[in-house]
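For reference, the chains in residue letters:
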Amino acid sequence: MPLSRTLDHAGPIARTAHDCAIFVDLTKGYDPADPDSSCSILEEVSLSSGLEESVAGLTLGVVPTLVHRSDPDVLANFHAALDVYRELGCTIVEVEPLAGSDANPDEAQATIMQCEKATYIAHLLQPPHPALKGDSWGNTQSKVSPLCQEATGPYLDFPAHKYIEALHTKERVTTLFETALSGTVDALVMPTRLCTAPKVPADLEEQKVLRKWEKDRSNTALFNVTGEPAISIPTGFGAHGLPTSIQIAAAKWEDALVLRLAHAFQQRTDYHLKHPV
């Protein structure tokens, strides 16, 4: 089911960047029956056939504010990954696309996602008619998890101007990142998550605490906001055997570049072939 029409997008999960490229080659293209589909330069590009092109000479931007709060294991593997790219001939520089801006992409993403999700499942969140309270078939509210009800319910009556402000923030953030990626850097690299995967507790209240803690521990939401292509690839493991990864992002329609950078890394490393302990 949809989560957010403004932010939703499809993407493959595969063992290698090469497999992802093959999948995208087979599924990309304009569909006149899909109102969210658009024509692009990717129509004429074979993503999988250009993967072996050298990445030497490319400039990769590291965004310090998306890195500095990383756990030690994540940070160590991130810097090791940067060394791999240096060996491949890339230049690494620091860049802050949001420098001087008060735009908060995480807050905008949460507002847009929750408001639009609430519109999709509003009918499921309505309290059941008294005559149906004991009827599991007619009680649709019982089919929505308590965590989802608690997170989404307040957005049924969320102020419209706050939602519009979030859409404006999305536009500002997108412009700033597109500007950065059309200037001195070809792509951005950062940890996908600032920590390794935590153990999910069975207790519902503990899950709520974990969700709040995790809200700002991931860099993936940013590119939901900008709509720019991004890929996550493994970079090794932490002290407890749980995986770490980096995320590579580029300007809109530069999917081929993102996949080429990921493929080059996987040709030099074998983390994508290993399994967590």
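Residues numbered from 1 in each chain as written. Predicted model: local features only at pLDDT ≥ 70, side-chain atom pairs only at ≥ 80, totals over all residues. Heavy atoms only, no water.

In terms of helices and strands, the chain carries 8 helices and 5 strands. Across the chain, helices and strands are ordered from the amino to the carboxyl terminus as α-β-α-β-α-α-α-β-α-α-β-β-α. Here the chain holds 277 residues, and the buried ones make up 40% of them. Expressed as a percentage of contacts within the chain between residues at least 6 apart in sequence, the contacts between residues at least 24 apart total 75%. Of the roughly 15300 Å² that the chain leaves accessible, carbon and sulfur atoms contribute 55%. (Helix = DSSP H or I, 4+ residues; strand = E, 2+ residues; numbered from the N terminus. Buried < 20%, exposed > 50% of the residue type's maximum accessible area, 1.4 Å probe, protein only. Contact = heavy atoms within 4.5 Å. Areas by Shrake-Rupley, 256 points an atom, 1.4 Å probe, with all protein chains shown as cover.)

Right, let's talk about helix 5 (residues 160-181) for a bit. Over its 22 residues, helix 5 extends 32 Å from the first C-alpha to the last, a length consistent with the 32 Å expected when each residue adds 1.5 Å. Residues A166, T169, K170, V173, T174, F177, A180 and L181 constitute the buried set of helix 5. Angular distribution of buried residues about the axis of helix 5 spans 135°; they occupy a single face of the element. Of the exposed residues in helix 5, the ones pointing more than 90 degrees away from its buried face are A160 and E171. (Expected span 1.5 Å × (residues − 1). Arc of directions from axis to C-beta.)

Applying the stated criterion to the full structure yields 3 aromatic pairs. Taken together, a centroid distance of 6.1 Å and an interplanar angle of 85° make the contact between F177 and F223 edge-to-face. Here F223 lies in helix 7 (residues 221-226) and F177 lies in helix 5, a separation of 46 residues in the sequence. Assigned by exposure class, F177 and F223 land together as buried. (Phe/Tyr/Trp six-rings, centres within 6.5 Å; stacked < 30°, edge-to-face > 60°.)

For the structure shown, the criterion picks out 5 salt bridges. K274 is the partner of D270 in a salt bridge, and the nearest nitrogen-oxygen pair spans 3.6 Å. Here D270 falls in the partly exposed class, since its relative accessible area comes to 37%. K274 gets classed as partly exposed once you look at its relative accessible area, which sits at 42%. (Salt bridge = Lys/Arg side-chain N within 4 Å of Asp/Glu carboxyl O.)

A positive phi angle, close to 75°, is found at W253, a residue other than glycine. Position of W253 relative to the elements: it lies in the loop between strand 5 (243-249) and helix 8 (255-268). A relative accessible area of 40% means that W253 is categorised as partly exposed.

Orientation of helix 1 (residues 17-27) relative to helix 8, taken along the N-to-C sense of each, is 150°, at an axis distance of 8 Å. It follows that helix 1 is roughly antiparallel to helix 8 by the angle criterion. Residue-level contacts link A17, H18, C20 and A21 of helix 1 to L259, A262, H263 and Q266 of helix 8. Looking at side-chain class alone, the contact of helix 1 with helix 8 contains 5 nonpolar, 3 polar and no charged residues. (Axes fitted to C-alpha atoms, helices over the stretch in contact; angles between N-to-C directions. Parallel < 35°, antiparallel > 145°, perpendicular 65-115°, else oblique. Nonpolar A, V, L, I, M, F, W, Y, C, P; charged D, E, K, R; others polar.)

A word on the side chain of T174. Among the structural elements, T174 can be located in helix 5. Side-chain polar atoms of T174 contact the backbone oxygen of V225, separated by 3.5 Å. With sequence-adjacent residues up to four places away left out, T174 is seen in contact with V225, T226, E228 and K252. (Polar contact = N/O pair within 3.5 Å; in protein donor to acceptor, adjacent residues only side chain to side chain.)

Over its 16 residues, helix 2 (residues 72-87) runs 23 Å from end to end, which matches the ideal 22 Å to within 8%, given 1.5 Å per residue. If you check which residues of helix 2 are buried, you get V74, N77, F78, A81, L82, V84 and Y85. Buried positions in helix 2, seen along its axis, are confined to an arc of 150° and lie on one side of it. In helix 2, the exposed residues that point more than 90 degrees away from the buried face are P72 and E87. Those residues of helix 2 that are buried lie in contact with strand 1 (59-62), strand 2 (91-94), strand 3 (187-191), strand 4 (230-237), strand 5 and helix 8. Where helix 2 ends, the next residue or the one after it, G89, has phi of about 100°, a positive value.

Moving on, we get to the nonpolar core. Among the nonpolar cores identified, the biggest contains 34 residues, and L60, Y85, I231, I233, I248 and L261 are the most heavily contacted of them. Listing elements by their share of this core, those giving two or more residues are helix 1, strand 1, helix 2, strand 3, strand 4, strand 5 and helix 8. When residues in this core are grouped by element, the largest group, 7 residues, is from helix 8. Apart from the residues lying within four places of it in its own chain, the contact partners of I231 are A17, I246, Q247, I248, V258, L259 and A262. Judged by nonpolar contacts, the second largest core, of 16 residues, contains F177, A180, L181 and L188. (Core = buried A, V, L, I, M, F, W, Y, C linked by side-chain atoms within 4.5 Å.)

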